[in-house]
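# Summary of structural features
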Amino acid sequence: MAKTASTPGGSGKASGAQKEKDAPPPPPEPLRVPVADSHTHLDMQSGTVEEALAKAASVGVTTVVQVGCDLAGSRWAAETAAAHESVWATVALHPNEAPRVVLGDPDGWSRQGAREPGGDAALDAALDRIAALAALPQVRGVGETGLDYFRTGPEGMAAQERSFRRHIAIAKEHGKALVIHDREAHDDVLRVLTEEGAPDTVVFHCYSGDAAMAKICAERGYYMSFAGNITFKNAQPLRDALAVAPLDLVLVETDAPFLTPVPYRGRPNAPYLIPLTLRAMAEVKGVPEDTLATAVAANTARVFGY
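Residues numbered from 1 in each chain as written. Predicted model: local features only at pLDDT ≥ 70, side-chain atom pairs only at ≥ 80, totals over all residues. Heavy atoms only, no water.

### Some words on unusual backbone geometry
Most peptide bonds are trans, and most residues other than glycine sit at a negative phi. Omega for the bond connecting Ala256 with Pro257 falls within 30 degrees of zero, at 15°, which places this linkage in the cis form. Structurally, Pro257 is set in the loop between strand S8 (250–252) and helix H10 (274–285). In the segment running from Val262 into Pro263, the intervening peptide bond is cis, with an omega of 15°. Non-glycine residue Glu184 carries a positive phi angle of around 55°. Looking at the secondary structure, you find Glu184 in the loop between strand S5 (177–183) and helix H7 (186–196). (Helix = DSSP H or I, 4+ residues; strand = E, 2+ residues; numbered from the N terminus.)

See below:
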């Protein structure tokens, strides 16, 4: 199910530049302490799962959490985790998927092609199927779910919140971690968690809040997972947040194929690039690389129960 990037035709400098942009970055120096990629999308990356896992393991990334974003992706995550000892799964409808189920997707923007509006009944049916997947032993989290106001108009926000609330209930029912996608919706995400009562384990994937929000998360015992964008020049608020985040509540992730860390921003991301992000995080925290790796390895195992 992996997708392979295609290179446009042509010749000369434009073609060469495109090839370089599409080329995977070189492997970084291996970590001395093995860690996990707490959030990745192997189904959106080039190559096979086996190749991705071997390349990650060669640099000390020995466990990956494969994250579902829709029904098809969640089924694939569960199947992949069942087939590979070093893979665990999470399942969910992404916040941007919920409005497509309810309101339709006439342009076929999602991976599932054009769809007709299904209304709340279709969303409830899809969430019932997510709940069934969440009961599987290799599925260790419910997510990524949450709220995303970046592209969502008012008509889609109700569907997102309805979906988010049901995912919270599913996570609590099955005793699984809740993995949150929060984009430009910090206050409402925190509000819904309070109103519904948060599960025992909550992870803010690709943490996007500031230091003040990090302190709130820490007070509530929520985990914060940092991705390659913490290396971006304009990401000082993220670095400030990491600086105040307790070491026992920090995870590392790729969100691959997205958010490739500097100096390879814009090129394909994959779990084997975790060491670049972890080393940048250690610098922000002012701790040795091995200290941070030991902490995030223990934290990830605790969150996902492996």
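Next comes the rest of the account.
### Here we look at the packing of helix H8 (residues 211–220) against helix H9 (residues 236–244)
Relative orientation of the contacting elements H8 and H9 amounts to 30°, with a least axis distance of 8 Å. Comparing their axes, H9 and H8 come out roughly parallel. Handedness of the H8/H9 crossing: right-handed. Along its contact with H8, which presents Ala211, Ala214 and Lys215, the element H9 presents Pro237, Asp240, Ala241 and Val244. (Axes fitted to C-alpha atoms, helices over the stretch in contact; angles between N-to-C directions. Parallel < 35°, antiparallel > 145°, perpendicular 65-115°, else oblique. Left-handed = near helix turned anticlockwise from the far one by under 90°. Contact = heavy atoms within 4.5 Å.)

### Regarding the pattern of salt bridges
When the charged atoms of two side chains with opposite charge come close together, those side chains can pair. Inspection of every chain in the model, using the stated rule, returns 13 salt bridges. For Arg162, the salt bridge is made with Asp120, and the minimal N-O distance between the two is 3.7 Å. Of this pair, Arg162 sits in helix H6 (residues 154–174) while Asp120 is found in helix H5 (residues 119–134), placing the two residues 42 residues apart along the sequence. On the basis of relative accessible area, Asp120 is assigned to the partly exposed category, the value being 38%. The salt bridge partner of Glu289 is Arg279, with a shortest N-O separation of 2.9 Å. A residue pair is termed long-range when its members are at least 10 positions apart, and Glu289 in helix H11 (residues 289–304) and Arg279 in helix H10 qualify at 10 residues. In this structure Arg279 comes out as partly exposed when scored by relative accessible area, which is 22%. Bridged by salt links that share partners, the residues Glu161, Arg165, Asp188, Arg191, Glu195 and Glu196 form one connected network. (Salt bridge = Lys/Arg side-chain N within 4 Å of Asp/Glu carboxyl O. Buried < 20%, exposed > 50% of the residue type's maximum accessible area, 1.4 Å probe, protein only.)

### What about the confidence of the model for the protein chain?
Per-residue pLDDT for the protein chain averages 93, and the proportion of residues at 70 or more is 94%. Of all helices and strands in the protein chain, the one with the weakest mean pLDDT is helix H1 (residues 12–22) (66), whereas S8 scores best (99). A low-confidence stretch, residues 1–11 (pLDDT under 50), is modelled with 19 contacts involving residues beyond four sequence positions or located in other chains. (pLDDT = per-residue confidence, 0-100.)

### Re the environment of Ala159
As for its placement among the helices and strands, Ala159 is situated in helix H6. Along the chain, Ala159 and Gly119 lie 40 residues apart, while their C-alpha atoms are 9.1 Å from each other. Setting aside chain neighbours within four positions, we find Ala159 in contact with Ala98, Pro99, Val102 and Leu123.

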